[in-house]
Amino acid sequence: MERDTSLNLAEIELQECPLCRGDGIIEEEEGWCFYVSCMDCGAHTAETAYKTDDERMAAAEKAAHLWNIGKVVRMDPGE
Ligand SMILES: [Zn+2]
């Protein structure tokens, strides 16, 4: 029986940007972590790393959670 190991990122709910109310997007970095960033102001969450497929889904959800509770860092330096 085949197992679908693909991760449906579309099922992960993202709220609007806590800083500018822009749209957040979940991104995957070179197959080792996720983070969520704002398409408008560039604010982003910390990376959530994973090693296995099981951890991968959890990492994606963790990144979304950080975003949804407003734990983001600004892009611009000196702030
Ligand atoms: Zn923003």
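Details of the structure are given in the entry above.
All residue numbers refer to position in the chain's written sequence, counted from 1. Confidence filtering applies because this is a predicted model: local features only for residues at pLDDT of at least 70, side-chain atom pairs given and counted only at 80 or more, and all residues used for totals across whole chains, interfaces and linings. Hydrogen atoms and water are omitted, and side-chain values are computed over all heavy atoms in the structure.

### A look at the overall build of the protein
- Runs of H or I in DSSP of at least four residues are treated as helices and runs of E of at least two as strands, each being numbered from the N terminus. Within the protein, the secondary structure is distributed over one helix and three strands.
- Put simply, the protein runs from its N terminus to its C terminus through helices and strands in the order β-β-β-α.
- Across the 79 residues in the protein, those meeting the buried criterion constitute 30%.
- Of all intrachain contacts in the protein linking residues separated by at least 6 positions in sequence, the fraction that spans at least 24 positions is 43%.
- With residues, only the protein chains shown are counted as cover, and all accessible areas are computed by Shrake-Rupley using a 1.4 Å probe. As presented, the protein carries roughly 5700 Å² of accessible surface, and 45% of it is formed by carbon and sulfur atoms. Residue burial is assigned from relative accessible area. The probe radius is 1.4 Å, only protein chains are included, and a residue is buried under 20% of its type maximum, exposed over 50%, and partly exposed in between. In this description, contact between two residues means that some pair of their heavy atoms is separated by no more than 4.5 Å.

### Notes on the nonpolar core
- Residues enter a nonpolar core if they are buried and are Ala, Val, Leu, Ile, Met, Phe, Trp, Tyr or Cys, with the set joined through side-chain atoms within 4.5 Å. I12, I26, F34, V36, C38, A60 and W67 are the most contacted members of the largest nonpolar core, which has 14 residues in total.
- Looking at this core, the elements with two or more residues in it are β2 (33-38) and α1 (53-68).
- Residue contributions to this core peak at five residues, all from α1.

### Some points on the environment of G42
- With respect to the helices and strands, the residue G42 is situated in the loop between β2 and β3 (48-49).
- Since its relative accessible area comes to 17%, G42 is described here as buried.
- C-alpha separation for the pair G42 and M75, spaced 33 residues apart in sequence, amounts to 5.5 Å.

### A look at unusual backbone geometry
- The phi dihedral of R21 falls on the positive side, at around 65 degrees, and the residue is not glycine.
- Relative to the helices and strands, R21 is located in the segment before β1 (24-29).
- With a phi angle near 50 degrees, E30 is a residue other than glycine that sits in the positive phi range.
- Locating E30 in the fold gives a position in the loop between β1 and β2.

### Thoughts on the coordination of the zinc ion
- Taken together, the protein donors to the zinc ion comprise C17 (SG), C20 (SG), C38 (SG) and C41 (SG), at separations of 2.3 Å.
- Taken together, the four donor atoms surrounding the zinc ion define angles of 103 to 115 degrees at the centre, an arrangement classified as tetrahedral. Coordination shells were defined by N, O and S atoms within 2.8 Å of each metal, extended to 3.2 Å for Na, K and Ca; water is absent from the atom set, which can make sites look incomplete. Irregular is the label for any site that misses the other tests, which are tetrahedral for four donors with all angles between 85 and 135 degrees, and square planar for four donors or octahedral for six when opposite donors exceed 155 degrees and the remaining angles lie between 65 and 115.

### Observations regarding the sheet that holds β3
- Pairing between two strands requires that DSSP report at least two bridges joining them. Strand order in the open sheet formed by three strands is β1-β2-β3, with antiparallel pairing between adjacent strands. The sheet terminates laterally at β1 and β3, the two strands that pair on one side only.
- By the bridge criterion, two bridges tie β2 to β3 in an arrangement that is antiparallel. By the bridge assignment, C33 is partnered in β3 with A49.

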